[in-house]
Amino acid sequence: MLNGENIIIYLRTFYDNFSKNPKIKLLYNQNGVYLYEYRDGGEYLIAQDLTEKLEKNEKKRFFIKNDGKRLKVLIDCADIFDVRTNLNISQYLIFETEKNTKYSISGIDFMSIR
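Computed from a prediction, not measured in an experiment: that's the story for all the values here.

### A look at the pairing of strand β4 (residues 42-49)
Next up, step 1: The pairing of strand β3 (residues 32-39) with β4 spans 7 bridges and is classified as antiparallel. Bridging from a neighbouring strand, Val33 pairs with Asp49 of β4.
Next up, step 2: Where β3 folds back on β4, the antiparallel hairpin that results is connected by 2 residues, among which Asp40 adopts a positive phi of roughly 50 degrees.

Here you go:
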């Protein structure tokens, strides 16, 4: 995080008709890490971790395992979430930035887990 307050990553969604599609939102900020599921017209908090906090100018490594009904998130070596969802899987990661937010993303690697 170079500037701003939130890192927002959307999973299990599609770019086309994004606002209407079901999705999972990973929100990471100075208060913790939150996982929301958007479905059936509502937003549902499905998991949170208040021990892992975002600090400006600190590099973080994310590992996201998105397989079948399972979603696992690690930040650096910390096991943050291991949840199950019924939302369809997709290969997309969509990053959202807010006004005056700037973060650097590098080294994205996709691998087959089967």
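Following the structure, the description resumes.
### Let's talk about the nonpolar core
Next up, step 1: Counting residues in each nonpolar core, the largest one holds 18 residues, and the members touching the most others are Leu26, Tyr28, Val33, Leu35, Leu71 and Phe81.
Next up, step 2: Of all elements in the fold, only β1 (7-11), β2 (23-29), β3, β6 (70-75) and β7 (78-84) reach the threshold of two or more residues within this core.

### Focus: unusual backbone geometry
When glycine is set aside, most residues are seen to have a negative phi, and most peptide bonds are trans.
Next up, step 1: Of note, the phi angle at Asn17 is positive, near 60 degrees, even though the residue is not glycine.
Next up, step 2: The topology assignment puts Asn17 in the loop between β1 and β2.
Next up, step 3: We note that Asp76 has phi near 55 degrees; this positive angle belongs to a residue other than glycine.
Next up, step 4: Along the chain, the position of Asp76 falls in the loop between β6 and β7.
Next up, step 5: Using a relative accessible area of 31% as the deciding quantity, one classes Asp76 as partly exposed.

### Thoughts on the pattern of salt bridges
Next up, step 1: This model, assessed by the stated rule, comprises 7 salt bridges.
Next up, step 2: Across the pair Glu37 and Arg39 runs a salt bridge whose closest N-O atoms are separated by 2.3 Å.
Next up, step 3: Close ionic contact of Asp82 with Arg70 constitutes a salt bridge, the shortest N to O distance being 2.8 Å. Pair noted here: Asp82 is in strand β7 and Arg70 is in strand β6, with a separation of 12 residues, a long-range link.
Next up, step 4: Since its relative accessible area comes to 42%, Asp82 is described here as partly exposed.
Next up, step 5: Counted as one network, the salt bridges with shared partners bring together Glu52, Glu58, Lys60 and Asp76.

Rules behind the numbers
Residues numbered from 1 in each chain as written. Predicted model: local features only at pLDDT ≥ 70, side-chain atom pairs only at ≥ 80, totals over all residues. Heavy atoms only, no water. Pairing = 2+ DSSP bridges. Helix = DSSP H or I, 4+ residues; strand = E, 2+ residues; numbered from the N terminus. Core = buried A, V, L, I, M, F, W, Y, C linked by side-chain atoms within 4.5 Å. Buried < 20%, exposed > 50% of the residue type's maximum accessible area, 1.4 Å probe, protein only. Salt bridge = Lys/Arg side-chain N within 4 Å of Asp/Glu carboxyl O.

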